[in-house]
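Residues per chain, in single letters:
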Amino acid sequence: MPRRSYNDESVVATFTEDQGSTQKAKYMSPRSMRLASHDKTRVAYFHDEGVGNYHYGERHPMKPHRLTLTNHLVLKYGLHQKMEIFQPRRATDSEILEFHADDYVDFLKRVTPDNAEEFESVFTKFNVGDDCPIFSGIYDFCQRYAGATIEASRKLIAGGADICINWSGGLHHAKKCEASGFCYVNDIVLGILELLRYFPRVLYVDIDIHHGDGVQEAFYSTDRVMTVSFHKYNGDFFPGTGHIDEIGSSLGKYYSVNVPLRDGIDDVSYVWLFKETIDAVIGTFQPSAIVLQCGADSLGCDRLGCFNLSIEAHGKCVQIIKEFKIPLLVVGGGGYTVRNVARCWTYETSILVDTELSNDLPPNEYIDFFKPDYQLHPHLSGRVENQNDRQYLLKVRERVMEQLRYLDAAPSIQMQEIPPDIQGFLDGDAELRDAEDDSEIGKEQRRRREVMAEAEWYEGDDDNDGEAVDSVWQKDDDLM
C-alpha cells in the first residue's frame, strides 16, 4: 500500500492562513546533528525472543505477546534483511539501579506470586496492585526489555547505527521508587541516562495516548533532556498529569513540553500539530540524539484509547522524526488491541528501513489474530467524536510556541556541552542552580532575567502590570 502524502501546505491551511513558514530554515543548524556520511540509513533491531512470553494476568490489558506478533510480522515481511538483528543481553542490577531505588529493585527481584503475601506490607509503598500485578518472572521481564533499550543506546553511542529499535521498551510510567501504569522499570530513563554519557542533549518524544509522566519527572530539573509528550488530558485520564503548564523546574524550566489533546483527534489534526511542534522543538533545543516512544494506544479502536488515529498517521510521526537524521532510538509503549499494535509497529519498522509493504499481511502462524480483513491498514477512525476543534488546536500550538520562544530568548541559559558523571547529575544540576542564584552574580543575573521576561510578555496597557512572568503559564480552562 503506497503511503499517503500529507501535503504540508494543505494541512497547515486547515488551521492557519500563515503557510509561508520559514521556521524550519531558521531552526535547522548542523551544529548539533551527526549526519550520516553514508547514503543508507543503518538500522539496528533489538528483540529478545523470550520477552513476549510473560503474562500479567487473564483479564489484564497489557499483553507482552503483542511483541511476539510484531516480531513475526517483521520477519514475514522480510524487514530483518534490511537491519542488523541483535539478541540483547539482560540489564544488570547495577544498570537498573542507575535510576531505581535499592529497596524497590530488591522487592522486584524477590517477590513472586507464591510469596506475595510476605510482601503485602509494602505493596502500597511500591504501588503494586491491579494495574501493576505480581506475576511470574516479573524482574526477569524487566531485565529483558530494559537490557534491550540500554544496548540500543550503546549502539547509537558507538556509532554502530543511525536508528535503533526496541519495541519491547517504552514503559514510560515507572518511577524511581514505584511501579505505575503497567510499568515496573523505566527503560526509557535508563536509556537516556546512557545516551547522556556521550550526547550533550537528548530529546524525548512520546506519542502514547497517556502522558509520559515517569520520563518527565526523572528529567524535570535538567536542561540536557527535553521531554515532549502528546497525550489525552482532562485531569482525570491516567496518569492525571501532562497539563500544558507543566514546563520543568530549576535548570529544566521550559524543557518539559506538554501537548494536551481531547478525545477523538483525527489524522490530519494530529499530524499537523505534531509537525508544527517538533519542527520548533528541534530547532530550539538542537538535540544530539532523540528517543521516540511509539505507544500504539493512540490508535483508533484501542482497548484503552479514545483517539481516531490510523496506523498510517501514527507512522507519519515516526517518519517526521526520522527525516531530521539525528541519532534515533525508537521504543514501543502502550497499545492494548494486540493485532493493531503488531500492525502499527511493523509498519513503523518499514518506515525506518525505507521499505514499502503490501497491505495484504503475509502468511504466518498468527494470521488468525488479524481476521477478518488480514490487512496491514484496517479502518480505525471515526469511532469517537473529534472534540479537538480548530480553535483549540491553534491555542495549544500558540502556547507551545510561547514556551519555546521564552526559552530561546533567555541568553543566560547555557546548556552543558560536556556530560557530567551520570550518578547524581540531576541533583547536581539543581544544586548548581541554587548556588548560582544565591551568589551576588546570580542575583544580578536573575534580576536581569526578570526585567527581560517582563518586557517579553508585556502586551500593552491592557496587560496586567506588575504580575510575575510566570502568570503567562497559569492554568487555562480551555486547555484542561
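Cut-offs and rules
Residues numbered from 1 in each chain as written. Predicted model: local features only at pLDDT ≥ 70, side-chain atom pairs only at ≥ 80, totals over all residues. Heavy atoms only, no water. Phe/Tyr/Trp six-rings, centres within 6.5 Å; stacked < 30°, edge-to-face > 60°. Helix = DSSP H or I, 4+ residues; strand = E, 2+ residues; numbered from the N terminus. Buried < 20%, exposed > 50% of the residue type's maximum accessible area, 1.4 Å probe, protein only. Lys NZ or Arg CZ within 6 Å of the ring centre and 35° of its normal. Pairing = 2+ DSSP bridges. Polar contact = N/O pair within 3.5 Å; in protein donor to acceptor, adjacent residues only side chain to side chain. pLDDT = per-residue confidence, 0-100. Contact = heavy atoms within 4.5 Å. Salt bridge = Lys/Arg side-chain N within 4 Å of Asp/Glu carboxyl O. Axes fitted to C-alpha atoms, helices over the stretch in contact; angles between N-to-C directions. Left-handed = near helix turned anticlockwise from the far one by under 90°. Parallel < 35°, antiparallel > 145°, perpendicular 65-115°, else oblique. Nonpolar A, V, L, I, M, F, W, Y, C, P; charged D, E, K, R; others polar. Expected span 1.5 Å × (residues − 1).

Asker: Looking at this model, I keep getting lost on the packing of aromatic side chains. Mind explaining?
Answerer: Counting across every chain of the model gives 21 aromatic pairs. Pairing Phe141 with Tyr145 gives two aromatic rings, centres 5.1 Å apart and planes at 65 degrees, and the pair type is edge-to-face. Of this pair, Phe141 and Tyr145 are both found in helix 6 (residues 138-157), four residues apart, which corresponds to roughly one turn of the helix. Accessibility expressed as a relative area gives 3% for Phe141, which makes it buried. Chaining the aromatic ring pairs together yields one cluster made of Tyr54, Tyr56, Phe135, Phe141, Tyr145 and Tyr184. Taking the ring centre of Tyr392 as reference, the NZ or CZ of Arg262 above it sits at 3.8 Å.

Asker: Looking at this structure, I do not really get the pairing of strand 3 (residues 163-166). What am I missing?
Answerer: Along a regular strand, successive side chains alternate from one face of the sheet to the other. Of the two faces of strand 3, the one holding Ile163 and Ile165 and the one holding Cys164 and Asn166 are both buried throughout. Of the pairings in the sheet, the one linking strand 1 (residues 43-46) to strand 3 comprises three bridges and is parallel in character. In the sheet register, Val43 faces strand 3, and the bridge partner there is Ile163.

Asker: I'm lost on the side chain of Asn364 in this one. Help?
Answerer: Its location among the elements puts Asn364 in the loop between helix 11 (338-352) and helix 12 (390-408). From its side chain, Asn364 meets the backbone nitrogen of Tyr366 in a polar contact 2.8 Å long.

Asker: I'm lost on unusual backbone geometry in this one. Help?
Answerer: Glycine aside, residues mostly have negative phi, and peptide bonds are mostly found in the trans state. For the bond from Phe238 to Pro239, the omega torsion is 5 degrees, close enough to zero to count as cis. The residue Pro239 is located in the loop between strand 5 (225-232) and strand 6 (256-261) in this model. Here the bond from Lys371 into Pro372 is cis, since omega is 10 degrees, no more than 30 degrees from zero. Assignment of secondary structure puts Pro372 in the loop between helix 11 and helix 12. Residues other than glycine seldom take positive phi values, yet Tyr254 does so here, at roughly 80 degrees. The residue Tyr254 is located in the loop between strand 5 and strand 6 in this model. The class for Tyr254 is buried, based on a relative accessible area of 4%.

Asker: Help me understand the confidence of the model for the protein, please; the structure alone is not making it clear to me.
Answerer: Detailed reading of predicted coordinates is not advised where the pLDDT is low. Predicted confidence across the protein gives a mean pLDDT of 85, with 77% of residues reaching 70 or more. Low confidence marks residues 7-33, where pLDDT is under 50. Its contacts with residues over four positions away, or in another chain, come to 39 contacts.

Asker: What am I meant to see in the pattern of salt bridges here?
Answerer: Opposite charge on two side chains allows them to pair when their charged atoms are near. By the definition in use, this model includes 22 salt bridges. Ionic pairing is found between Glu151 and Arg154, a salt bridge with its closest N-O pair at 3.7 Å. Here Glu151 pairs with Arg154, and both are found in helix 6, just three residues apart, close to one helical turn. Arg154 sits in the partly exposed class, given a relative accessible area of 29%. Three or more residues joined by partner-sharing salt bridges are found here, namely Arg89, Glu95, Glu98, Glu151, Arg154, Glu194 and Arg197.

Asker: I would appreciate a short explanation of the packing of helix 10 (residues 311-322) against helix 11 in the present structure.
Answerer: For any two helices packed against each other, one specifies the crossing angle of their axes together with the interaxial distance. Two elements in contact, helix 10 and helix 11, have axes separated by 9 Å at closest approach and are oriented at 35 degrees. Two packed elements cross with a definite hand, and for helix 10 against helix 11 that hand is right-handed. When helix 10 is examined against helix 11, the residues Ile311, Glu312, His314, Gly315, Val318, Gln319 and Lys322 are found in contact with a partner set consisting of Asn340, Arg343, Cys344, Tyr347, Glu348, Ile351 and Leu352.

Asker: Where do I start with the packing of helix 3 (residues 65-76) against helix 11 in this structure?
Answerer: Where helix 3 contacts helix 11, the two axes come as close as 8 Å, and the packing angle between them is 40 degrees. When the axis of helix 3 is compared with that of helix 11, the two are oblique. Helix-helix and strand crossings are classified by hand; for helix 3 and helix 11 the assignment is right-handed. Packed against helix 3, whose contacting residues are Arg66, Leu67, Leu69, Thr70, Leu73 and Val74, the element helix 11 presents Val338, Val341, Ala342, Arg343, Trp345, Thr346 and Thr349 at the interface. Of the residues contributing to the contact of helix 3 with helix 11, the split by class is eight nonpolar, three polar and two charged.

Asker: Please explain helix 11 as it appears in this structure.
Answerer: Since there are 3.6 residues in each turn of an α-helix, residues three or four apart along the chain are aligned in direction. Taking 1.5 Å as the rise per residue, helix 11 with 15 residues should run 21 Å; its terminal C-alpha atoms sit 21 Å apart, in good agreement. Among the 15 residues that make up helix 11, 14 are buried, leaving the element largely enclosed by the rest of the structure. Among the residues trailing helix 11, Asp354 stands out with phi positive, at a value near 55 degrees.

Asker: So what exactly am I meant to see when it comes to the environment of Arg224 here?
Answerer: Assignment of secondary structure puts Arg224 in the loop between helix 8 (213-218) and strand 5. Sequence separation between Arg224 and Phe199 is 25 residues, and the spatial gap between their C-alpha atoms is 9.1 Å. In terms of polar contacts, Arg224 uses its side chain to reach the backbone carbonyl oxygen of Leu196, at 2.9 Å.

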